[in-house]
Amino acid sequence: MIEAVGHTPAALGECPVWSDRERALYWADIDGRAIHRLDPETGVTVSRTLPGRPGSFVLTTDPDRLLVACEHELVVLDWPTNEITSWCEIEEAGTGNRFNDGRCDPVGRYVVGSMYADTSAGRTTGALYQVEPKGKWATLRSDIGVTNGLAFDQERRRMYFADTPTNCVLAFDYDLDTGQATNERLFLDYSSLPGKPDGACVDADGCYWSASVYGWAVIRVTPDGRVDRRIELPLHKPSMPAFGGSDLSTLYVTTIGAGGTDPSEPGRDGFQPGELLAINAGVQGRPEPIFPLADT
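Residues numbered from 1 in each chain as written. Predicted model: local features only at pLDDT ≥ 70, side-chain atom pairs only at ≥ 80, totals over all residues. Heavy atoms only, no water.

Looking at this structure, how should I read the pattern of salt bridges?
A side chain with one charge may pair with a side chain of the opposite charge, provided their charged atoms come close. A full pass over the atoms with the stated rule returns 14 salt bridges. Asp20 is paired through a salt bridge with Arg23; the nearest N and O atoms lie 2.8 Å apart. The exposure class assigned to Asp20 is partly exposed, which follows from its relative accessible area of 40%. With its nearest N and O atoms 3.3 Å apart, the salt bridge here joins Asp153 to Arg286. Taken together, the residues span a long stretch of sequence, with Asp153 in strand 14 (residues 147-153) and Arg286 in the segment after strand 24 (276-280) at a distance of 133 residues. Given a relative accessible area of 1%, Asp153 falls into the buried group. Accessibility expressed as a relative area gives 24% for Arg286, which makes it partly exposed. (Salt bridge = Lys/Arg side-chain N within 4 Å of Asp/Glu carboxyl O. Buried < 20%, exposed > 50% of the residue type's maximum accessible area, 1.4 Å probe, protein only. Helix = DSSP H or I, 4+ residues; strand = E, 2+ residues; numbered from the N terminus.)

Explain the pairing of strand 16 (residues 168-174) here, please?
Regular strands place their side chains on alternate faces of the sheet. When you tally the buried positions in strand 16, you get 5 out of 7 residues, the bulk of the element. Here strand 15 (residues 158-163) runs beside strand 16; their pairing, made up of 6 bridges, is antiparallel. Paired with Ala162 across the two strands is Val169, which belongs to strand 16. What sits between the antiparallel neighbours strand 15 and strand 16 is a turn of 4 residues, in which Asn167 has the positive phi angle 65 degrees. (Pairing = 2+ DSSP bridges.)

What is the right way to read the nonpolar core from this model?
Generally speaking, soluble globular proteins have nonpolar side chains that are buried together. Membership of the largest hydrophobic core comes to 17 residues, with the highest contact counts inside it found for Leu67, Leu74, Trp87, Tyr110 and Phe291. Elements represented by at least two residues in this core include exactly strand 7 (65-70), strand 8 (73-78), strand 9 (83-89), strand 10 (97-104), strand 11 (110-116) and strand 12 (126-131). No other element matches strand 12, which puts 3 residues into this core. (Core = buried A, V, L, I, M, F, W, Y, C linked by side-chain atoms within 4.5 Å.)

Looking at this model, I keep getting lost on the state of the cysteines. Mind explaining?
Summed over all chains, the structure comprises 0 disulfides. Between Cys15, a cysteine without a disulfide, and Cys104, which holds the nearest cysteine sulfur, the sulfur-to-sulfur distance is 10 Å. Overall, the relative accessible area of 1% leaves Cys15 in the buried class. (Disulfide = S-S within 2.5 Å.)

Help me understand the sheet that holds strand 15 in this model?
By definition, the strands of a sheet pair up through backbone hydrogen bonds, in either a parallel or an antiparallel sense. A sheet is described by the order of its strands in space; here 4 strands give the open sequence 14-15-16-17, paired in antiparallel fashion. Each edge of the open sheet is held by one strand with a lone partner, namely strand 14 and strand 17 (181-189). Across this sheet, the average inter-strand angle for adjacent strands is 25 degrees, counted without regard to direction. For strand 14 and strand 15, the ladder comprises 5 bridges, and the chain directions are antiparallel. Paired with Asn148 across the two strands is Ala162, which belongs to strand 15. (Axes fitted to C-alpha atoms, helices over the stretch in contact; angles between N-to-C directions.)

How do you make sense of the environment of Arg123 when you look at a structure like this?
Summarising the element assignment, Arg123 is placed in the loop between strand 11 and strand 12. Accessibility expressed as a relative area gives 46% for Arg123, which makes it partly exposed. Separated by 136 residues in the primary sequence, Arg123 and Gly259 place their C-alpha atoms 19 Å from one another. Contacts of Arg123, omitting those with residues within four sequence positions, involve Tyr116, Ile144 and Gly145. A polar contact of 3.3 Å, which involves the side chain of Arg123, links it to the side chain of Tyr116. (Contact = heavy atoms within 4.5 Å. Polar contact = N/O pair within 3.5 Å; in protein donor to acceptor, adjacent residues only side chain to side chain.)

I tried to follow the sheet that holds strand 7 on my own but got confused; where do I start?
Spatially, 6-7-8-9 is the arrangement adopted by the 4 strands of the open sheet, whose pairing is antiparallel. The two strands at the open ends of the sheet, each matched to only one other strand, are strand 6 (54-59) and strand 9. Neighbour-to-neighbour, the strand axes of this sheet turn through a mean angle of 30 degrees, independent of strand direction. Here strand 6 pairs with strand 7 via 5 bridges, running antiparallel. Looking across to strand 7, one finds that Leu59 is bridged to Leu66.

I keep staring at the packing of aromatic side chains and nothing clicks. Help me out?
Pairs of aromatic rings are described using the distance from one ring centre to the other and the angle between the two planes. For the structure shown, the criterion picks out 12 aromatic pairs. Ring centres of Tyr110 and Phe291 lie 6.5 Å apart, and the angle between their planes is 65 degrees; this geometry places the pair in the edge-to-face category. Taken together, the residues Tyr110 in strand 11 and Phe291 in the segment after strand 24 connect sequence positions 181 residues apart. Taken as a pair, Tyr110 and Phe291 share a single burial class, namely buried. (Phe/Tyr/Trp six-rings, centres within 6.5 Å; stacked < 30°, edge-to-face > 60°.)

Laid out in structure tokens, this is it:
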């Protein structure tokens, strides 16, 4: 069963993150310049606005604060007050780039990437960064079109990454002690699949769930690179999946509405582009790592 949850559709829904300590789901509306929080028990959604586009964000050790990749920098969002504080500037302002996909690795580093905002230009000015708790950062990869597909498999010490225009999901060996990503190889070739690789997550079995943007589906890929499940969706542009709920068995999927470069096709069966979807996928996810926020 698939249902729409949350509030009115997002312009560009992204980055669903389940907070187990709050029993709530956060997600971003990039073009709407907002982050929302849904309480599934009550159905109530609370929103906070930002001065720029939030590409992604992570939970932190302070339950009241999120670390948000907003435009070209990382900012701290104080949820109770909606106060925004600059925390770490990584890229220069005014280049046309903005931050996009990102998440914590299993030990709490924030791995986040950028992209040229106008994807129709075909530029590869994006980069992938790894941010430490006190604001020190390093570049993991450059010459990226659209950073997406980031996910970590702690058991296999593996990092996944997709540059959406390339139609490829890559896998890396990921050293949890040093944060080094090595042994890059092709994990999944999307060229024979509907859609393109967008956001992703890993379930409790180590399988990789990928949102097939433009492809009306999310797919599950086994650790050996075999697509073993495909869930058809009523919306054209799913953007990222995440597991949530009391036992991490609800698959939430954000979708793209009126935002982005290309228009979304009308939804099917009464669904509207930009809605947040909830699906009983029959499997469980893994708890989201938390960033140990410190003053820089």
